Amino acid sequence: FAFDARDALGQITAPTLVVAGAHDMAPVEHIKEVADGIEDSQFVVFENSGHFAPIEETERFLEVVREFLASIE
């Protein structure tokens, strides 16, 4: 059983930040497909991270999230 909701991504209307770690098991290009499927989403790659950008690049992660939140206020 594989879960695949890519066809429903276009229904998301909330401001969306999609993040990917450059060294994660999931290839960046697959995560980019998610971002591309959500209109007006923001996509950020953490070049020095795997799956745990909040831990591996804490300061940059916080900066990205703060900027995203400020952009939707």
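Scroll up to find the structure this text is about.
Next up on the list: the overall build of the protein chain. Across its full length, the protein chain holds three helices and two strands. Its helices and strands in sequence order give the protein chain the pattern β-α-β-α-α, from N to C terminus. Taken over 73 residues, the protein chain has a buried fraction of 23%. For the protein chain, restricting intrachain contacts to residue pairs at least 6 apart in sequence, the fraction spanning at least 24 positions comes to 54%. Counting every atom, the protein chain has about 5,500 Å² of accessible surface; 55% of that belongs to carbon and sulfur.

Our next topic: the environment of Arg-6. In this structure, Arg-6 sits in the segment before strand E1 (17-21). Here Arg-6 falls in the partly exposed class, since its relative accessible area comes to 47%. The spatial distance from the C-alpha of Arg-6 to the C-alpha of Glu-33 is 8.2 Å, given a sequence separation of 27 residues.

Pairing between E1 and strand E2 (residues 42-46): five bridges, direction parallel. Counterpart to Leu-17 in the pairing with E2 is Gln-42. With respect to chirality, the unit in which E1 leads through helix H1 (residues 28-37) into the neighbouring parallel E2 is right-handed.

Positive phi is not limited to glycine here, since Asp-40 has a value of about 65 degrees. As for its position among the elements, Asp-40 is in the loop between H1 and E2. Its relative accessible area of 70% is what places Asp-40 among the exposed residues.

A few words now on the environment of Val-45. Secondary-structure assignment places Val-45 in strand E2. Between the alpha carbons of Val-45 and Ser-71 there is a distance of 18 Å; along the sequence they are 26 residues apart. The contacts of Val-45, once residues within four sequence positions are left out, are Ala-20, Ala-22, Val-28 and Arg-60.

Rules used in this analysis
- Residues numbered from 1 in each chain as written.
- Predicted model: local features only at pLDDT ≥ 70, side-chain atom pairs only at ≥ 80, totals over all residues.
- Heavy atoms only, no water.
- Helix = DSSP H or I, 4+ residues; strand = E, 2+ residues; numbered from the N terminus.
- Buried < 20%, exposed > 50% of the residue type's maximum accessible area, 1.4 Å probe, protein only.
- Contact = heavy atoms within 4.5 Å.
- Areas by Shrake-Rupley, 256 points an atom, 1.4 Å probe, with all protein chains shown as cover.
- Pairing = 2+ DSSP bridges.
- Right-handed = clockwise from strand over helix to strand, strands pointing away.

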